[in-house]
Amino acid sequence: MANNSQSKLKTLYVMRILQEETDAEHGLTMRQIIERLADYGITAERKALYRDFDALREVGFDIRTYPRNPVEYGLAQREFTLPQLMLLVDAVASCKFLTPRQSADLVRNLKLLASDPQRAQLDRSIHVPDRIASAAEGVFESIDTLHEALRTRCQVQFTYYRANIAGVRQPTRQGRPHTVTPMSISFAEGNYYLTAWSDEHDSLAEFRIDRMGQLRITDEPATRNPQTDAHSTDPADYEMFGRFAGDPITVTLAINGSKTEIIMDRFGNRAQWLKPEGGTAKAVVKVQKSPQFFGWLAGLNGAVRIAKPESLRQEYRAYLRELIEES
């Protein structure tokens, strides 16, 4: 019985050794594998290891033989390729929403998916300006709670916090909680946001999830009305600026020919490009009209201008005049 138990353990340890120390470029010789198993207190012979390799191949592991001198064996195909892991590590490391501790924990877990030789290449240093030093550790739990409310179609209740003029975090509405119907969760500009329907205000509202506290799912069913149905079936394709909602409007923008990347970076394939005129490109985009949209245009120093509609051009000019008068 002991030998049978050790045989089963041997196969598992062989898999662990290959996962940790080999990949498509790095392998281990038969002698090295036998030595690694001995470190775990398991004796093994070549014939038995060949059977282990076959068993692992049968259940889907890509165990390969590398024709080297001496011959090596390795796990060639992993769940993630090294370039994919590099991309994931960079994405986690550069996310300013994560605290340094959260980022380090996630990167450490991602490294476990790589072989030992690959892990050294995943030690990448990315400077993240404005990374938060600390955050509510319950943000991810809040996101899970909101997803559960979306799944079960229930309302949620929470206290919302903002910083006062002294920079101190305080509950809004004298601590009176919000009760809303969750509609969708989005991630933008380094933060998670909840779009929800508020029965109290009879409109959609948006909340930053890291500013929520005492979040819980209520027994009240989610509100259903034409607005919530439209939001659920027709995702918003009107670009928001600074997460400030506004009236949806279709705009034709005139862009200096050398600055088209500005539109491509902001709108991607949602921009409809028109025939250029001289050195000026034109693109039709959908935006939510707001002071933040006008501020984005002003910050581009004339590289992007409103071509149509004329009514929006006039509103933009009024916005600029007001800024001048207040300065």
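A few points on the structure. Quantities reported herein were computed from a predicted structural model and do not represent experimental measurements. (Residues numbered from 1 in each chain as written. Predicted model: local features only at pLDDT ≥ 70, side-chain atom pairs only at ≥ 80, totals over all residues. Heavy atoms only, no water.)

## Considering the side chain of threonine 172
Here is step 1 of the chain: Residue position: threonine 172 is located in the loop between strand 5 (169-171) and strand 6 (178-188).
Here is step 2 of the chain: Setting aside residues no more than four positions away along its own chain, threonine 172 makes contact with Tyr160, Tyr161, Arg162 and His178. (Helix = DSSP H or I, 4+ residues; strand = E, 2+ residues; numbered from the N terminus. Contact = heavy atoms within 4.5 Å.)

## Digging into the nonpolar core
Here is step 1 of the chain: Judged by nonpolar contacts, the single largest core of 22 residues is most densely connected at Leu253, Ile263, Phe293, Leu297 and Ile306.
Here is step 2 of the chain: Those elements giving two or more residues to this core turn out to be strand 10 (247-256), helix 9 (260-267), strand 12 (280-289), helix 10 (291-299), strand 13 (304-308) and helix 11 (310-326).
Here is step 3 of the chain: By size, the runner-up hydrophobic cluster in this structure holds 16 residues, among which are Leu28, Ala44, Ile63 and Leu75. (Core = buried A, V, L, I, M, F, W, Y, C linked by side-chain atoms within 4.5 Å. Buried < 20%, exposed > 50% of the residue type's maximum accessible area, 1.4 Å probe, protein only.)

## Examining the sheet that holds strand 1 (residues 28-29)
Hydrogen bonds between backbone atoms are what pair the strands of a sheet, whose relative direction is either parallel or antiparallel.
Here is step 1 of the chain: Pairing is antiparallel across the open sheet formed by three strands, whose spatial order is 1-3-2. Looking at the sheet topology across the chains shown, the edges are occupied by strand 1 and strand 2 (62-66).
Here is step 2 of the chain: Most of the contacts of helix 3 (residues 46-58) go to strand 2, to which it runs at about 135 degrees, and overall it touches strand 2 and strand 3 (72-77). (Pairing = 2+ DSSP bridges. Axes fitted to C-alpha atoms, helices over the stretch in contact; angles between N-to-C directions.)

## Some details on the sheet that holds strand 13
Here is step 1 of the chain: Sheet architecture is open: four strands sit in the order 11-12-10-13, paired in antiparallel fashion. Of all strands in the sheet, those bounded by a partner on one side alone are strand 11 (272-277) and strand 13. Recorded for the sheet is a direction-independent mean angle of 40 degrees between the axes of neighbouring strands.
Here is step 2 of the chain: Of the pairings in the sheet, the one linking strand 10 to strand 13 comprises four bridges and is antiparallel in character. Looking across to strand 13, one finds that isoleucine 255 is bridged to valine 304.
Here is step 3 of the chain: Helix-sheet contacts for helix 10 involve strand 10, strand 12 and strand 13, and the interaxial angle to strand 13 is about 125 degrees.

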